Protein chains: 2
Amino acid sequence: MPPLQLPPNLKFGPFSVASQVFHISPSRLSFGLVNLKPLLPGHILVCPVRSVPRLSQLSGTETADLFNTVRAVSSTLQRVYHASSFNVAVQDGVNAGQSVPHVHVHVIPRQKGDYDDKGGGDRIYDAMDGEEGNVGKAFLEMQRIREERVNGDRRFVAAPDSDRKARSEEEMKKEAEWLRMEIEKDRRDAEDHS
Amino acid sequence: MPPLQLPPNLKFGPFSVASQVFHISPSRLSFGLVNLKPLLPGHILVCPVRSVPRLSQLSGTETADLFNTVRAVSSTLQRVYHASSFNVAVQDGVNAGQSVPHVHVHVIPRQKGDYDDKGGGDRIYDAMDGEEGNVGKAFLEMQRIREERVNGDRRFVAAPDSDRKARSEEEMKKEAEWLRMEIEKDRRDAEDHS
């Protein structure tokens, strides 16, 4: 497939995330990106293209597009990650656990018993709000690693902050391309049946 | 204020909730109801009027209205509950913790340190998905108490399932009427300034 045509200067908060983006909504108001440290396979983020911290700062049209994009990508996530349910959550503001000041909807595919080894299904949110789900910190680490690479500076090695290792950019890019292809497949199937 | 004009046979899953409803969206596709067992003051639910279990079963228009209703009521919740943030969450399916088979968006006003005495801010989701946040069980209890009242049957006394007592219908009705008035006030103020 040809590269995804992204809006100019698309960022997630202060972070460059082009290689992680797997979807742009038809209206180009919302995008989906794969996660640096997914809490479960297929844990992705859906964001408005316009970077604002709070839901209240979105227009009605942007809000509508954001959550319809959640719905649109979920049907493909459900198929490819064999999900029976989803947790859909927004930390709307710092005191709700938000770590990147750019609205993002967590979409986490769920299966029966998928979190049993970590204390049961209800712990997923705990993880999301805790250290291991700290989206901002994970992105900061990635940025530091990138800058070190650019500067040829290898003195500082990012220490892992939990058992889950941040994934490589190559790995995320592969997942993003794969998801994009699967969404395109579903879109064509839907067209054929309409 | 005159009583809220509700859509005929409005229910939340199998439950009659008329006295808890504080808001109907202008398009009459979504409604807000106060919670039987709020995890924090102002914890409310926003639902589509059409009773379906999953987000994927809503139309694009219903989805847009649902989340724009979340945004609309949040601005009043922010003011009257002195909230600085919100947790916004949907348990989309049984394996994501859904206990009532009718789409509902949890909206939980947050303040700095509001959950410190319960183990910290990140435990709110844990509570939501655990026994104390079991919306379905709480509504079943309320229904049983109602039926006992109708039948004059007092043999069965509902045992509390946690420290948080389910609130009385009178208490919820009062909160619903108060919230409705405050939302109306904000609506008129916005009109005056436009």
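Structural data are supplied above this passage.
Residues numbered from 1 in each chain as written. Chains lettered and ligands numbered in written order. Predicted model: local features only at pLDDT ≥ 70, side-chain atom pairs only at ≥ 80, totals over all residues. Heavy atoms only, no water.

Draft legend 1. Region of the structure containing the sheet that holds strand β6 (residues 85–92) of chain A. Taken together, ten strands build an open sheet; the order of strands is β3(A)-β4(A)-β5(A)-β7(A)-β6(A)-β6(B)-β7(B)-β5(B)-β4(B)-β3(B) and the sheet is antiparallel. Two strands bound the open sheet, and with one partner strand each, they are β3 (21–24) of chain A together with β3 (21–24) of chain B. Each neighbouring strand pair of the sheet contributes to a mean axis angle of 20°, computed without reference to strand direction. Bridge analysis of strand β6 (residues 85–92) of chain B against strand β7 (residues 105–110) of chain B gives six bridges, and the strand direction is antiparallel. When the bridges of β7(B) are listed, B:Asn87 appears paired with B:Ile108. Its contacts with the sheet put helix α1 (residues 60–80) of chain A on β3, β4 (30–34), β5 (44–48), β6 and β7 (105–110) of chain A, and the angle it makes with β5(A) is roughly 155°. Helix-sheet contacts for helix α1 (residues 60–80) of chain B involve β3, β4 (30–34), β5 (44–48), β6 and β7 of chain B, and the interaxial angle to β5(B) is about 155°. (Pairing = 2+ DSSP bridges. Helix = DSSP H or I, 4+ residues; strand = E, 2+ residues; numbered from the N terminus. Axes fitted to C-alpha atoms, helices over the stretch in contact; angles between N-to-C directions. Contact = heavy atoms within 4.5 Å.)

Draft legend 2. The relation of the copies chain A and chain B, seen in detail. The operation relating chain A to chain B is a screw motion whose rotation component is 180°, with 0.0 Å of axial translation and a residual RMSD of 0.0 Å. What the rotation and shift describe, once combined, is the action of a two-fold rotation axis. When the interface residues of chain A are mapped onto chain B, 100% of them again lie at the interface, so the same face is used by both copies. (Least-squares fit on C-alpha atoms with pLDDT ≥ 70 in both.)

Draft legend 3. Representation of the pattern of salt bridges in the model. Evaluation of the coordinates by the stated rule reveals 20 salt bridges over all chains. Between A:Lys185 and A:Glu182 there is a salt bridge, with the nearest N and O atoms lying 3.2 Å from each other. Residue A:Lys185 and its partner A:Glu182 are both found in helix α4 (residues 169–192); the two are separated by three residues, about one turn of the helix. Using a relative accessible area of 8% as the deciding quantity, one classes A:Glu182 as buried. In this structure, B:Arg167 and B:Glu175 form a salt bridge, with 2.7 Å as the shortest nitrogen-oxygen distance. The exposure classification of B:Arg167 matches that of B:Glu175, with both residues buried. Among the charged side chains, a network of salt bridges with common partners joins A:Arg79, A:Glu182, A:Lys185 and A:Asp186. (Salt bridge = Lys/Arg side-chain N within 4 Å of Asp/Glu carboxyl O. Buried < 20%, exposed > 50% of the residue type's maximum accessible area, 1.4 Å probe, protein only.)

Draft legend 4. Broad picture of empty space enclosed by the protein. Counted by the stated rule, this structure contains three cavities of 30 Å³ or more. Of the voids in this model, the largest cavity is the one considered here, and its volume is about 80 Å³. The wall of the largest cavity is formed by A:Arg54, A:Leu55, A:Ser56, A:Asp92, B:Val70, B:Arg71, B:Ser74, B:Ser75, B:Gln78 and B:Phe86. The element contributing the most residues to the lining of the largest cavity is α1(B), with five residues. A class-by-class count of the residues in the lining of the largest cavity yields three nonpolar, four polar and three charged. (1 Å grid on protein atoms, 1.4 Å probe; cavity = no way out; pocket = protein on both sides within 12 Å on 5 of 7 lines; lining within 4 Å. Points joined across faces, edges and corners; volume = space filled by probe spheres on them. Nonpolar A, V, L, I, M, F, W, Y, C, P; charged D, E, K, R; others polar.)

Draft legend 5. Summary view of the nonpolar core. Membership of the largest hydrophobic core comes to 82 residues, with the highest contact counts inside it found for A:Phe12, A:Leu33, A:Val105, B:Phe12, B:Leu33 and B:Val105. Filtering out sequence-adjacent residues up to four positions away, A:Leu33 remains in contact with A:Phe12, A:Val17, A:Gln20, A:Val21, A:Phe22, A:Ile44, A:Leu45, A:Cys47 and A:Phe139. Ranked by size, the runner-up nonpolar core spans 16 residues in total, among them A:Leu40, A:Ala89, A:Tyr115 and B:Leu40. (Core = buried A, V, L, I, M, F, W, Y, C linked by side-chain atoms within 4.5 Å.)

Draft legend 6. Region of the structure containing α1(A). Residue and element names in this part refer to chain A. The end-to-end C-alpha distance of α1, which contains 21 residues, comes to 31 Å, matching closely the 30 Å that a straight helix rising 1.5 Å per residue would cover. Where α1 bends most, at Ser 74, the angle is about 25°. The first or second residue beyond α1 is His 82, which carries a positive phi of 50°. (Expected span 1.5 Å × (residues − 1). Bend = angle between axes of the 7 residues up to and from the residue.)

Function cannot be inferred from these measures alone, as they are strictly geometric.
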